[in-house]
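Letter by letter, the chains look like this.
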Amino acid sequence: MPPILNGKRVLLGVSGGIAAYKSVALASRLTQANAQVDVIMTASAMKFVAPVTFQAITQRPVVHDIFESWHDAGRLRIGHVALAQAADLFIVAPATAHTLARLALGMADDMLSITALSYKGPMLLAPAMETRMWQHPATQEHVARLRGWGVDFVGPAQGRLASGEYGEGRMAEPEEIFEVACKVLGRGGPLEGVRVVITAGGTREPIDPVRFVGNHSTGKMGVALARAARDLGAEVVLVHAPLAVHPPGGVERVSVQTAQEMFEAVMRLLPETDVLIGAAAVADYRPVSSETTKIKKMPGQQIIRLERTPDILAAVGEMRGPERRHPRLVVGFAAETDNWEQNALEKLERKNLDLIVLNDVTAPDSGFAVDTNRVTLFERSGNREDWPLMTKEEVAQAIMQRVVARLGRLDWKKR
Ligand code: PMT
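Residues numbered from 1 in each chain as written. Predicted model: local features only at pLDDT ≥ 70, side-chain atom pairs only at ≥ 80, totals over all residues. Heavy atoms only, no water.

Caption draft 1: The arrangement of the environment of Asp284 in detail. Assignment of secondary structure puts Asp284 in the loop between strand E15 (275-278) and strand E16 (285-287). Judged by its relative accessible area of 46%, Asp284 is partly exposed. Considering only alpha carbons, one finds Asp284 and Gln397, 113 residues apart in sequence, at a separation of 28 Å. Residues contacting Asp284, with those up to four places away along its chain left out, are Glu307, Arg308 and Thr309. (Helix = DSSP H or I, 4+ residues; strand = E, 2+ residues; numbered from the N terminus. Buried < 20%, exposed > 50% of the residue type's maximum accessible area, 1.4 Å probe, protein only. Contact = heavy atoms within 4.5 Å.)

Caption draft 2: How the structure looks around the site of the ligand. In the vicinity of the ligand there are 30 residues, among which Ser217, Thr218, Gly278, Lys347 and Asn359 approach most closely. Measuring from an oxygen atom of the ligand, one finds a side-chain N or O atom of Asn359 at 2.6 Å. Burial of the ligand by the protein amounts to 96% of the accessible area it has alone, namely 760 Å². Elements represented by at least two residues in the shell around the ligand include exactly helix H10 (220-231), helix H12 (312-320) and strand E18 (329-336). Per-element accounting of the shell around the ligand gives the leading share, five residues, to E18. Classifying every residue of the shell around the ligand gives 14 nonpolar, nine polar and seven charged. (Near = heavy atom within 4 Å. Polar contact = N/O pair within 3.5 Å; in protein donor to acceptor, adjacent residues only side chain to side chain. Areas by Shrake-Rupley, 256 points an atom, 1.4 Å probe, with all protein chains shown as cover. Nonpolar A, V, L, I, M, F, W, Y, C, P; charged D, E, K, R; others polar.)

Caption draft 3: Spotlight on the sheet that holds strand E6 (residues 123-127). Taken in spatial order, the five strands line up as E2-E1-E5-E6-E7 in an open sheet, and their pairing is parallel. Strands with a single pairing partner mark the edges of an open sheet, and in this sheet they are strand E2 (36-41) and strand E7 (152-153). (Pairing = 2+ DSSP bridges.)

Caption draft 4: Representation of the packing of aromatic side chains in the model. The final tally for this structure, using the stated rule, is one aromatic pair. Look at Phe90 and Tyr119: their rings are 5.5 Å apart centre to centre, the planes differ by 80 degrees, and that puts the pair in the edge-to-face class. Taken together, the positions of Phe90 in strand E5 (residues 89-95) and Tyr119 in the loop between helix H6 (111-118) and E6 put the pair 29 residues apart, joining distant regions of the chain. On the accessibility criterion, Tyr119 (10% relative accessible area) is buried. (Phe/Tyr/Trp six-rings, centres within 6.5 Å; stacked < 30°, edge-to-face > 60°.)

Written out as structure tokens, the structure is:
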């Protein structure tokens, strides 16, 4: 679970649209991440979903009456003021055209709008409405005005709408709203202004249109790193081969297939990269040629000739030179089955890395595809740390804390 939400107070405003039912899933996701969620419903939202549903999910009373008093820490306080003061984040999902208008005009005639007017922190809106309503100049003007005040938006997406039509106006999925909420909360964190490029997943080297040389990487480790960096305020680019897990929201994604494509993407991004982390399992070899049609079964053996792929981190290491000025920090992974320490130290040196994370990929609870990892960290200073078995999220958070500490020690200004 992302620690960014742990103990945070989130206001979830729900206005009256059919997507209100999806906000129940959002409330659940936020609550499971240990946030304290206070739901504020408009009168029309309560026609779509009963307040008791949110109450059961969040274990908190649902607020909708402007004149209701509110107990907080034993004191009787005015509801909207207390809610607004205590909140770390205000999400409105769904945000209907009417609610957007009221927020943009500073109206304060119900519990949602009056609390929004009393609130000063980060706000995230997830609009949901028919396409024509979304595209109407009035709505667009309200959106522009709210953006100008620093309000964040997620969606709306294209898709099937309540009317049965297809178009722009569908509320973003709860998981996406959740991910963007983490990003918004992470703003101003220790990696604010730092651009972190992370590689993830296993590259696929085509043999023919239906077959490839690949490996067992799912991308879990790289995706966890992307989330951890995002939640510390970094501007994250995830360069990923096919993933077996949901990609993280709130990060820029560059999708590739082969080692060559990953190499080119990283090289393109390099001038603007402050920190590079290589968590991808990049193929070291690819077929010398790839057939354009499916290879047919034939009697006897088939031999596929392989050639070397470019080594991304080694190329970056060479460009960095002995002073290793740019990117400021390069972190590699070593996936080893034997001679663990020796191989990891050789890669740290040869690829000119600042830090290498060794994982034993023969252990059943570590390395490829599993949710946990047991790693050893080697730094150029000679420092070595054996970390206990942790979830990949925890490993990622610990690596990013190390990145923060290392950048802090460098005489280097954020962009
Ligand atoms: O994706 P998961 O299922 O969660 O699994 C996670 C993982 C096991 C893939 C991950 O933790 C990991 O160890 N990634 C690196 C795998 C790897 O390719 O290791 P390597 O020892 O072959 O390469 C050393 C380093 O050089 C790596 O940082 C790798 O990204 C990089 N490399 C390798 C080859 C190449 N051509 N270019 C590279 O940049």
